[in-house]
Amino acid sequence: RRLYIRAGLGGRLSRYMCKGPYDYTLCVSNKLRRTVNRRQNLDAFERLAPTTHTWLKTEEGGLLLWPGMHAIGCGYSPMICNGKFYEVTGVDPIVLGGNIALTRAQAARYIRASWALTVDSSQSKSLSGRVRVSDARQPRLTRARFLVAISRATHSSLLCVCEYYLSNGSHFCNPAVG
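These numbers were taken from a predicted model, which means no experiment stands behind them.

Novice: I'd like to hear about the overall build of the protein, residue by residue, with values.
Specialist: What the protein contains, in helices and strands, is five helices and 13 strands. Within the protein, residue pairs in contact and separated by at least 24 positions form 66% of the contacts whose partners lie at least 6 positions apart. Accessible surface for the protein amounts to roughly 9300 Å². Of this, 51% is attributable to carbon and sulfur atoms.

Written as structure tokens, this is what we have:
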């Protein structure tokens with residue numbers, strides 16, 4: 001495991017530790033992705049305190065939407081592309097990208113928060129902003145997946161690699177890894 005991380009980062013993990021908040025977190029498991037999305041969604045809502053918002057009950061729990069927030073399409077719909085990023089431009093009715101109006105049921109089914117993505121679903125995307133790779137010690141994070149994850153950031157100064165996701169919602173980033 002350590003050889004994978006050392007080979008991917010040239011043996012200098014401490015160089016890839018930036019301070020949050022992060023725009024995206026890349027996870028190996030869907031379970032962690034859902035957890036991070038839920039926490040980041042609530043944290044961003046409290047931090048930004050948008051005046052207009054709506055709450056959706058989804059398969060993954062709940063989702064707060066507000067104008068200016070980014071979401072990602074999931075599932076297959078004639079209106080929404082799977083894996084495409086959308087900006088929420090209205091919440092009553094729910095409007096994405098300025099021209100895609102959705103019912104609450106459609107929005108709950110076909111969009112989700114984009115704070116966290118799985119490494120596999122991030123493939124072929126350039127993520128602008130701060131990118132955190134979570135669970136660098138996760139056994140299923142192979143060298144290939146790790147290289148995909150770290151190459152999503154548009155610049156190395158925007159990349160953070162964390163060893164573990166802690167149950168209190170924080171990430172443990174250890175410069176001694178490798």
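Novice: Lay out the sheet that holds strand S6 (residues 94–96) with the relevant residues and their values.
Specialist: In space, the five strands of this open sheet follow the order S7-S6-S5-S4-S8, with antiparallel pairing throughout. Each edge of the open sheet carries a strand with a single partner, namely strand S7 (100–102) and strand S8 (111–113). Across this sheet, the average inter-strand angle for adjacent strands is 45°, counted without regard to direction. As judged from the three bridges shared by strand S5 (residues 85–91) and S6, these two strands associate in the antiparallel manner. Bridge pairing in S6 links Val 88 to Leu 96.

Novice: Pulling in residues and values, what's your account of the pattern of salt bridges?
Specialist: Under the criterion given, the structure shown has two salt bridges. Residue Glu 60 pairs with Arg 33 through a salt bridge whose shortest N-O separation is 2.7 Å. Note that Glu 60 is positioned in the loop between strand S2 (54–58) and strand S3 (61–65) and Arg 33 in helix H2 (residues 30–48), a separation of 27 residues in sequence. Arg 145 serves as the salt-bridge partner of Asp 120, at 3.1 Å between the closest nitrogen and oxygen. Highlighted residues: Asp 120 in helix H4 (residues 119–122) and Arg 145 in helix H5 (residues 143–150), separated in sequence by 25 residues.

Novice: Pulling in residues and values, what's your account of the sheet that holds strand S10 (residues 131–133)?
Specialist: Ordered by their spatial adjacency, four strands build an open sheet running S9-S1-S10-S11, and the pairing between neighbours is parallel. Only two strands of the sheet have a single neighbouring strand rather than two, namely strand S9 (116–118) and strand S11 (159–161). Ignoring which end each strand starts from, the neighbouring axes of this sheet average 25° apart. Two strands pair when backbone bridges link them, and strand S1 (residues 24–27) and S10 are joined in this way by three bridges, in the parallel orientation. Bridge assignment links Leu 26 to a residue of S10, and that residue is Val 133. Contacts from H2 reach S1, S9 and S10 within the one sheet, and its direction differs from that of S9 by about 170°.

Each value, and the rule that gives it
- Residues numbered from 1 in each chain as written.
- Predicted model: local features only at pLDDT ≥ 70, side-chain atom pairs only at ≥ 80, totals over all residues.
- Heavy atoms only, no water.
- Helix = DSSP H or I, 4+ residues; strand = E, 2+ residues; numbered from the N terminus.
- Contact = heavy atoms within 4.5 Å.
- Areas by Shrake-Rupley, 256 points an atom, 1.4 Å probe, with all protein chains shown as cover.
- Pairing = 2+ DSSP bridges.
- Axes fitted to C-alpha atoms, helices over the stretch in contact; angles between N-to-C directions.
- Salt bridge = Lys/Arg side-chain N within 4 Å of Asp/Glu carboxyl O.

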